[in-house]
Amino acid sequence: MKRFARIAVFTVSVFTSLAGCVSAPTGPTIAIMPREGKPFEVFQQEDKQCREFADNAVKDTSNAALKEGATSAAIGAALGAAAGAVIQGGSSPNIGTGAGVGLLGGAAMGAMNSAGKQNQAQTQYNIAYQQCMYSKGNQVPSYAAPASGPSYR
């Protein structure tokens, strides 16, 4: 029974660690500059609006990354326990060992999968942020500033 308690504590620790590794983008990783003549206060307001827009655009992707990691770890633990039971004919110490090994493998796969989804979320965030800031007339790398827009002079 002590072995099961240790495995349970370890499982909770891995899930907690996985949850801590996955997070939503906290901001853009690209530089946007205000159009010439635009007051900085206006640019700051637009930045805030566009960050909120981008946050909403990636909400589902960030949640999927966390779910992916937890699911992979749980499936890995179940498969490891089954493999441990089959290899040693149902011996309970081997079930625990198999579950532990499966949990580690599942957690590693989950971490890799969630990292990929996290990168995808950051890319989506940057695109949404760029689109928003460009539509407000700001200078976006690799794009010319919009020809028309309000005058701030």
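Residues numbered from 1 in each chain as written. Predicted model: local features only at pLDDT ≥ 70, side-chain atom pairs only at ≥ 80, totals over all residues. Heavy atoms only, no water.

Regarding the overall build of the chain
Okay, so step 1: Helix and strand counts for the chain stand at 3 helices and 0 strands.
Okay, so step 2: Here the chain holds 153 residues, and the buried ones make up 32% of them.
Okay, so step 3: Taking all contacts inside the chain whose residues are at least 6 apart in sequence as the whole, residues at least 24 apart take part in 84%.
Okay, so step 4: For the chain, the accessible area works out to roughly 9,300 Å², and carbon and sulfur atoms hold 62% of it. (Helix = DSSP H or I, 4+ residues; strand = E, 2+ residues; numbered from the N terminus. Buried < 20%, exposed > 50% of the residue type's maximum accessible area, 1.4 Å probe, protein only. Contact = heavy atoms within 4.5 Å. Areas by Shrake-Rupley, 256 points an atom, 1.4 Å probe, with all protein chains shown as cover.)

Re the environment of Gln124
Okay, so step 1: On the secondary structure map, Gln124 appears in helix H3 (residues 92–135).
Okay, so step 2: In this structure Gln124 comes out as partly exposed when scored by relative accessible area, which is 29%.
Okay, so step 3: Taking C-alpha positions, Gln124 is 6.5 Å from Val58, a pair spaced 66 residues apart along the chain.

As for the state of the cysteines
Here, the word disulfide means a covalent bond between the sulfur atoms of two cysteines.
Okay, so step 1: Evaluation of the coordinates by the stated rule reveals 1 disulfide.
Okay, so step 2: At a sulfur-sulfur separation of 2.1 Å, the disulfide partner of Cys50 is Cys132. Between Cys50 and Cys132, the disulfide has an S-S torsion of -75° and is therefore left-handed. On the criterion of sequence distance, the pair formed by Cys50 in helix H2 (residues 40–87) and Cys132 in helix H3 is long-range, its members being 82 residues apart. Residue Cys50 shares its accessibility class with Cys132, and that shared class is buried. (Disulfide = S-S within 2.5 Å.)

Overview of the nonpolar core
As a rule of thumb, nonpolar side chains are buried together in soluble globular proteins.
Okay, so step 1: Formed by Ile32, Phe43, Cys50, Ala54, Val58, Ala121, Tyr125, Ala128, Tyr129, Cys132, Met133 and Val140, the largest nonpolar core amounts to 12 residues.
Okay, so step 2: At the level of secondary structure, the elements contributing two or more residues to this core comprise H2 and H3.
Okay, so step 3: In terms of residues, this core owes the most to one element, H3, which gives 6 residues.
Okay, so step 4: Not counting the four nearest positions on each side in its chain, Ala54 is found in contact with Tyr125, Ala128 and Tyr129. (Core = buried A, V, L, I, M, F, W, Y, C linked by side-chain atoms within 4.5 Å.)

Section: the pattern of salt bridges
Okay, so step 1: Counted under the stated rule, the structure contains 2 salt bridges.
Okay, so step 2: A salt bridge links Asp47 to Arg51, with the nearest nitrogen and oxygen atoms 2.9 Å apart. Residue Asp47 and its partner Arg51 are located together in helix H2, separated by 4 residues, close to a single helical turn.
Okay, so step 3: On the basis of relative accessibility, which here comes to 32%, the residue Arg51 falls in the partly exposed class. (Salt bridge = Lys/Arg side-chain N within 4 Å of Asp/Glu carboxyl O.)

Here's the deal with the side chain of Asp47
Okay, so step 1: For Asp47, a relative accessible area of 15% translates into the label buried.
Okay, so step 2: Residues contacting Asp47, with those up to four places away along its chain left out, are Tyr129 and Met133.

Focus on the confidence of the model for the chain
Okay, so step 1: Per-residue confidence for the chain averages 75 on the pLDDT scale, and 51% of its residues sit at or above 70.
Okay, so step 2: By mean pLDDT, helix H1 (residues 2–21) is the weakest element of the chain at 54, and H2 is the strongest at 79. (pLDDT = per-residue confidence, 0-100.)

A word on the side chain of Gln130
Okay, so step 1: Its location among the elements puts Gln130 in helix H3.
Okay, so step 2: In contact with Gln130, not counting residues within four places along its chain, are Ile30, Ile32, Val140 and Pro141.

Remarks on the environment of Pro28
Okay, so step 1: For Pro28, the position within the fold is in the loop between H1 and H2.
Okay, so step 2: Sequence-wise, Pro28 and Tyr125 are 97 residues apart; in three dimensions their C-alpha atoms are separated by 6.8 Å.
Okay, so step 3: When near neighbours in sequence (up to four residues on either side) are disregarded, Pro28 contacts Arg51, Gln122, Tyr125, Asn126 and Tyr129.

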